[in-house]
Amino acid sequence: MSVKIRVKVNGAEYSHEVEPRLLLVYYLRDVLRLTGTHVGCDTSSCGACAIHLNGKATKSCTILAVQANGCEIATIEGMARNGELHPLQQAFNECHGLQCGFCTPGMIMTAADLLQRNPEPSEGEIRYALEGNFCRCTGYQNIIKSVQYAANKIKEEVIV
Amino acid sequence: MSTTNGLIGKSVKRVEDKRFTTGRGNYTDDIILPHQTYASFVRSPYGHAKIISIDTRAAKAMPGVIAIFTGADVADVNGVPCGWQVNFKNGDIMKEPKHPLLVADKARHTGDAVALVIAESKEEAADAVQAINVEYEELPCVVDASKAVQNGAPLVHDDVPGNTCFDWTLGNPIAEVDEAINNSAHVTTLEFVNQRLVPNAIEPRSYNSSYDSAYDRYVLYTSTQNPHLIRLLMCAFVLGIPEHKVRVVGPDVGGGFGSKIFHYTEEALLTWATKKIGRPVKWTSERSESFLLDAHGRDHVTKADMGFDDEGNITALRVKTFANLGAYLSTFASCVPTYLHGTLLQGLYKTPKINVDVTGVFTNTTAVDAYRGAGRPEATYLLERLVDLAAHEMNMDPAELRFKNFIPPFDGVKQPGYQTQVALQYDSGNYEGVLKTGLEMLGYENFRNEQKEAAKNGNLLGVGISTYIEACGIAPSAVVGALGARAGLFEVGQVRVQPTGKVSVYTGSHSHGQGHETTFAQVVADKLGIAMEDVEISHGDTESVAFGMGTYGSRSLAVGGSAIVKSIDKIIEKGKKIAAHKLEASADDMEFADGKFTVKGTDKSVSFGDVALTAYVPHVYPKDLEPGLDFSSFYDPANFTYPFGCHIAVVEVNKETGKVVLKRFVAVDDVGNIINPMIVEGQIHGGIVQGVGQALFEGAEYDDNGQLTNGSYMDYCMPRADDFPMIETATQVTPCPHNPLGVKGAGEAGTIGSTPAVVNAVIDALWSGGHKVKDIRMPLTSERVWTAMQSPNS
């Protein structure tokens, strides 16, 4: 049995017949071939699969593709606009916020959601917001700095 | 050769970042090949069980199922080998029971593979796994190494008596050490567990193997730290297929920390199976499988005694360790508790007599092998806990006790290297330097006053020092060969100058987060005086890289970087001949700097780009010189490198709940010369958080039935962003005297130094409140710390 879904991903409309048990993350990775969204665990703990579902950071392994029917989704592949990287994408390079890069898309999507809600987060607020995203390489320190850097950059852009 | 454009030593931003920040990395699970099939495994739910029967009939009839294989199908295939031979004290070779690709007789740990299902989709493979009926007869389990050697313990392998893989000793004769301990004014004794850890690279292991019958060639994509090593082990030792017909690619790899060094059964099994079914087979581990299958780390049970004279000088060290190897011998399992642990027990101290005795033991648990630091964290933990506890027992300052016992500074050039009692010769060191800097950064004296004030108010503050040394840059092949390594540990670096002067570099090192594409390019661009954009670093593909031993043991820059420098030297030497011919001068009169070949003492010069073009368009060219500008070098190091440092932790312990909060962490690391300070600092941060993870959060727990009771991220406590303060780092530079870059390696330092610093800090906090606790078993959970405070001795 399969079910038809329609979703908008990074601005493009898609329609597919999917098995009801297909997780959204596998729909993105295996059907749409948007492989920037990663799978790091099977308990919705690690955050490597974080995307934006209707504008909110969501672990895409926690929901089924059929539940996303009619939703608007953004993945890491959709973060750059008109060829220009999102301030967080720039910041992670500037502040050495990544090493192996596997957790990075999820970190950026979660951090982007934080900065939308709270444009000037404290160090503690950033740490708390990223508590559901595991990184085994960086020790988190340069990820925190990346988010601070991006927050400042977004603020400057708004002022200009 | 002169440094030419100042790129070495700069915090250049990483060139590899963009593909990762935009979601365009290429990890093994991202690859789907034409006609792809998917694998899933039937795995033993028991820690130890006889396989009575396997019924695959229903599963075979299920939709999408292509093939099902069991242990009987691979009975004639070799198991995966061990790469390091350790001998028993009596000279007998260690016990190496077969690690089969699928078990046929009995399962020896939870997760042991019983059957392989290949289907059209992941879901269909998983469905068929559920339909396979295996009848088991449960057997008694043993999970603890010190219990497994006792009479009557269940045997993991029926032909390995006492579950003993080897017993091994190193250092001074035990009688001499016993005597020195007995004659000591003070002896500090510690019995402790260095608990088992799960590496937890965030990318789960993934393999995709294919066979092309038209060309009789295999391609294996694998999440590995060392593609050539995997190819060699799989072809020559397991499957008996010709190495030149197999391409192994380690594309982007999402962290390794040791766990992706080893040749795992699934790599060989998928490669065996792809030829059987004639289609590519892919398997990606689920996280719950990773917990049960990726080789674990540490798991030592140790008793150690450190003797002191009446002035606090260390007189002797005696160590007895039971090292848990798990159910099977993983690739480097035997060398980790021996040659990477026993050899580091000199530490930074002048200890005149040392004896270490290690028994390697099989149990009904996941295999244990190298995990970030590999043996050196265990050695450092042992030494630094003992020294710190001794200071508390003797009512001395822990920093002062260390200063008193440090080996004095030596540069390895004017002063010779330091010969230890445990086989190694340290290259260069300034140990008091890092401790002095660390104490200054912390404000040590002020802290002690603050601690006293806090104690008056009933608050428990503690400071913990750890000073470490490690052996990196693994390793001189002849030395490790004499110690039992079954491979050389050199590295390969090819530098191919293209006709336009652009440079392609092929390295046998493998980056899975270390940033080689940046650091190595800095080295090449600097040495050749060209722009970094003109250099590209390639790694991870046996098809393009001549050979390689891969990345582990903080070896990439010290060994892999040195191989590249060797090739650059050859390029410059040949370039001088080409340039001299163009300028009608003698090659001996040429010098190379700032990207130009110049006739010494003149302004006559020719650019690097010109020389490159001439090498490929050799119209006006030296008579006896080959065209081209492309050199490959093998670099075999003269010695290990010995990074060292000082880590200091400050903690607050809640006396009502036992909860530990890490307030500050100061790290001063000496990793020799530094190519990219930003990348080194990143390595240190990550290592420290992993090491603190061991001290405060992590630990694999088995019950008596061989069940891993915390085998998921819901149960195994990973360090998280909100567990840490900002780490304060500094570096000291004592160059390595024996490699061309003077580098020592920075990958494992953080993990090695940090764990005992945190535990020492907690013990120090408890002593400040009058709780004279000797040891608390890691991880230091609130419950364990609280319980320690309630004990009558405390």
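Our structure's up above, just so we're on the same page.
A. Region of interest: the sheet that holds strand β5 (residues 72-74) of chain A. Residues and elements named next belong to chain A. Strands sit in the order β2-β1-β5-β3-β4 across an open sheet of five strands; the sheet is mixed. Each edge of the sheet is formed by a strand with only one pairing partner; in this case those strands are β2 (12-18) and β4 (56-59). Adjacent strand axes in the sheet meet at a mean angle of 40° when their direction is disregarded. Judged from the seven bridges that link them, strand β1 (residues 3-9) and β2 form a sheet pairing that is antiparallel. By the bridge assignment for β2, V7 is matched with Y14. Helix-sheet contacts for helix α3 (residues 104-117) involve β3 (50-53) and β4, and the interaxial angle to β3 is about 40°.

B. Seen up close, the pairing of strand β7 (residues 164-171) of chain B. All names here are of chain B. β7 sits mainly inside the fold: six of its eight residues count as buried. The sheet contact formed by β7 and strand β15 (residues 354-362) spans seven bridges and is antiparallel. Bridged to D167 within β15 is T359.

C. View of the interface of chain A and chain B. Taken together, the 43 residues of chain A in the interface contact 44 residues of chain B. Contributions of two or more residues to the side of chain A that touches chain B are made by α2 (87-94), α3, α4 (123-129) and α5 (141-159) of chain A. For the side of chain A that touches chain B, the element with the highest residue contribution is α2 of chain A, accounting for four residues. When its residues are assigned to classes, the side of chain A that touches chain B shows 20 nonpolar, 16 polar and seven charged.

D. Structural context of the environment of K50 of chain B. Residues and elements named next belong to chain B. Structurally, K50 can be placed in strand β2 (residues 49-55). Here the alpha-carbon distance between K50 and L344, two residues 294 residues apart in the chain, equals 41 Å. Residue contacts for K50: discarding those within four places in its chain leaves K106, Y136, E137 and L139.

E. Spatial organisation of helix α10 (residues 398-405) of chain B. Restricting attention to buried positions, one finds in α10 of chain B the residues P398, A399, L401 and R402 of chain B. Considered in projection along α10 of chain B, the buried side chains sweep an arc of 165° and stay on one side of the axis.

F. Representation of the sheet that holds strand β25 (residues 630-635) of chain B in the model. All names here are of chain B. The strand order β21-β20-β19-β25 describes an open sheet built from four strands, whose pairing is mixed. In this open sheet, the two edge strands, each paired with only one partner strand, are β21 (535-539) and β25. On average, each strand axis in the sheet is tilted by 15° relative to the strand beside it, whichever way the strands run. Of the pairings in the sheet, the one linking strand β19 (residues 491-497) to β25 comprises six bridges and is antiparallel in character. The residue of β25 that forms the bridge with V495 is F631. Sheet strands touched by helix α14 (residues 516-528): β19, β20 (503-507) and β21. Its angle to β21, the strand with the most contacts, is close to 135°.

G. Inspection of the packing of helix α9 (residues 376-393) of chain B against helix α18 (residues 749-768) of chain B at higher detail. All names here are of chain B. Axis separation between α9 and α18 bottoms out at 8 Å; the angle between their running directions is 25°. Considering their axes alone, α9 and α18 lie roughly parallel with respect to each other. Relative to α18, the crossing made by α9 is right-handed. In this structure, α9 uses R376, P377, T380, Y381, E384, R385, D388 and H392 to contact α18, whose residues at the interface are T751, I752, G753, T755, P756, V759, N760 and W767. Taken together, the residues that form the contact of α9 with α18 break down as six nonpolar, six polar and four charged.

H. The arrangement of the pairing of strand β12 (residues 281-284) of chain B in detail. Residue and element names in this part refer to chain B. What you see with β12 is no split at all: V281 and W283 on one side and K282 and T284 on the other are buried throughout. For strand β1 (residues 37-43) and β12, the ladder comprises two bridges, and the chain directions are parallel. Paired with T37 across the strands is V281, a residue of β12.

I. Spotlight on unusual backbone geometry. Residue and element names in this part refer to chain B. That bond from I474 to A475 is cis: its omega, -5°, falls within 30 degrees of zero. Within the secondary structure, A475 is located in the loop between β18 (460-469) and α13 (477-482). In this chain, M778 is followed by P779 through a cis amide linkage whose omega measures -5°. Unlike most non-glycine residues, R298 shows phi in positive territory, near 65°. Mapped onto the secondary structure, R298 falls in strand β13 (residues 297-308). Under the C-beta neighbour-count criterion, R298 is labelled buried, with 27 such atoms within 10 Å. Here the phi dihedral of A423 falls at roughly 85°; this positive angle occurs in a residue that is not glycine. One can find A423 in the loop between β16 (418-419) and β17 (425-426). With 15 C-beta atoms counted inside 10 Å, the residue A423 sits in the partly exposed group.

Cut-off values and rules
Residues numbered from 1 in each chain as written. Chains lettered and ligands numbered in written order. Predicted model: local features only at pLDDT ≥ 70, side-chain atom pairs only at ≥ 80, totals over all residues. Pairing = 2+ DSSP bridges. Helix = DSSP H or I, 4+ residues; strand = E, 2+ residues; numbered from the N terminus. Axes fitted to C-alpha atoms, helices over the stretch in contact; angles between N-to-C directions. Contact = placed C-beta atoms within 7 Å. Buried ≥ 20, exposed ≤ 12 C-beta atoms within 10 Å, placed from the backbone. Nonpolar A, V, L, I, M, F, W, Y, C, P; charged D, E, K, R; others polar. Arc of directions from axis to C-beta. Parallel < 35°, antiparallel > 145°, perpendicular 65-115°, else oblique. Left-handed = near helix turned anticlockwise from the far one by under 90°.

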